[in-house]
Amino acid sequence: MPANVRLRAHSRALTKRRKVVLAGAAALGAATLAVSAAPSQAQTTTGTAAVTAAPVQLSTQPIKGVRASVTDQLAGDSVKIQAIEAKKQAVAKKATAKKTAAKKAAVTKARAGHQVKQAASRSAERPQMQTVATSTSYGNNLDGWIRQSLAVMKQHNIPGSYHGLHKNIMRESSGNPNAINNWDINARNGIPSKGLLQVIEPTFRAYHVPGTSHNIYDPVANITAAANYASKRYGSIDNVNSAY
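Bear in mind the structure is a predicted one, so any value in this text is a computation, not a measurement.

About the criteria used
Residues numbered from 1 in each chain as written. Predicted model: local features only at pLDDT ≥ 70, side-chain atom pairs only at ≥ 80, totals over all residues. Heavy atoms only, no water. Helix = DSSP H or I, 4+ residues; strand = E, 2+ residues; numbered from the N terminus. Buried < 20%, exposed > 50% of the residue type's maximum accessible area, 1.4 Å probe, protein only. Contact = heavy atoms within 4.5 Å. Areas by Shrake-Rupley, 256 points an atom, 1.4 Å probe, with all protein chains shown as cover. Polar contact = N/O pair within 3.5 Å; in protein donor to acceptor, adjacent residues only side chain to side chain. Core = buried A, V, L, I, M, F, W, Y, C linked by side-chain atoms within 4.5 Å. Phe/Tyr/Trp six-rings, centres within 6.5 Å; stacked < 30°, edge-to-face > 60°.

Draft legend 1. The arrangement of the overall build of the chain in detail. Counting its secondary structure elements, the chain contains six helices and zero strands. Starting at the N terminus, the α and β elements of the chain follow one another as α-α-α-α-α-α. When burial is assessed residue by residue, the chain has 23% of its 244 residues classed as buried. For the chain, contacts bridging at least 24 residues in sequence account for 50% of all contacts bridging at least 6. Put simply, the chain shows about 17,200 Å² of open surface, and 61% of that area lies on carbon and sulfur atoms.

Now the structure itself:
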């Protein structure tokens, strides 16, 4: 066989073998790259997923905790504020009630004082004709008036007897408690004698006996005032036998 034929045949065989070797080397390199790339890619994917998922978990849980803490604090502050306001309202309500009670008591006291003054005024304006002579102990007549006057005179140490009072009463007024003298010197001077023992107003006021009426026509008040005057001037009404 010619040499060039052998060389061409050898060249073709070498070329074919080289292709097979190169193909195998390429396949082995690809496999190696595949094996090397697979774990790296898996790790990268896993790491990325972990990195992506982790912030979601971390951001969610702390936010819930912060919100809960703030809510609890606000709730606690709200309860404290409500308690303070309730305490203020209770104090204000108590103070208002105290002021109202004090004002009501003052009004009640003022009304009571006004009623007492009115009663005293009405009592002063009302004719004081009521005497012990009209009580059940003494008759409402000359005998009862004299006896009641003697009891009052005894309490005030004013001397006098039933007889001394009776004789002077009969001479001065004939036993009429409303008798008035409009003709003597006293009447002409504008101060007529009045009552059972014919006493003028100045004398009656000056010798009025406490516990008796201030009405000069009252029988017991008239008798005791006249007896008191007579005791100071004459020693006793019993010593009076004429105008005095």
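Anyway, onward from the coordinates.
Draft legend 2. Structural detail: the side chain of serine 213. Here serine 213 is to be found in the loop between α5 (201-206) and α6 (219-234). Taking relative accessible area as the criterion, serine 213 reaches 4% and is therefore assigned buried. A polar contact of 3.0 Å, which involves the side chain of serine 213, links it to the backbone nitrogen of asparagine 215.

Draft legend 3. Layout of the side chain of threonine 212. Along the polypeptide, threonine 212 turns up in the loop between α5 and α6. At 2.6 Å, the side chain of threonine 212 forms a polar contact with the backbone oxygen of valine 209.

Draft legend 4. Looking closely at the nonpolar core. Membership of the largest hydrophobic core comes to 23 residues, with the highest contact counts inside it found for Leu165, Ile169 and Ile223. Among the secondary structure elements, those contributing two or more residues to this core are α2 (142-155), α3 (162-173) and α6. Here this core gets seven residues from one element, more than from any other, and that element is α6. Leaving out residues up to four positions away in the same chain, leucine 165 has contacts with Ile146, Leu150, Met153, Leu197, Ile223, Ala227, Ile237 and Asp238.

Draft legend 5. Representation of the packing of aromatic side chains. Summed over all chains, the structure comprises one aromatic pair. Judged by centre distance (5.3 Å) and plane angle (70 degrees), the ring pair of tyrosine 207 and tyrosine 229 falls under edge-to-face. Of this pair, tyrosine 207 sits in the loop between α5 and α6 while tyrosine 229 is found in helix α6, placing the two residues 22 residues apart along the sequence. Classification of tyrosine 207 by relative accessible area gives partly exposed; the value is 25%.

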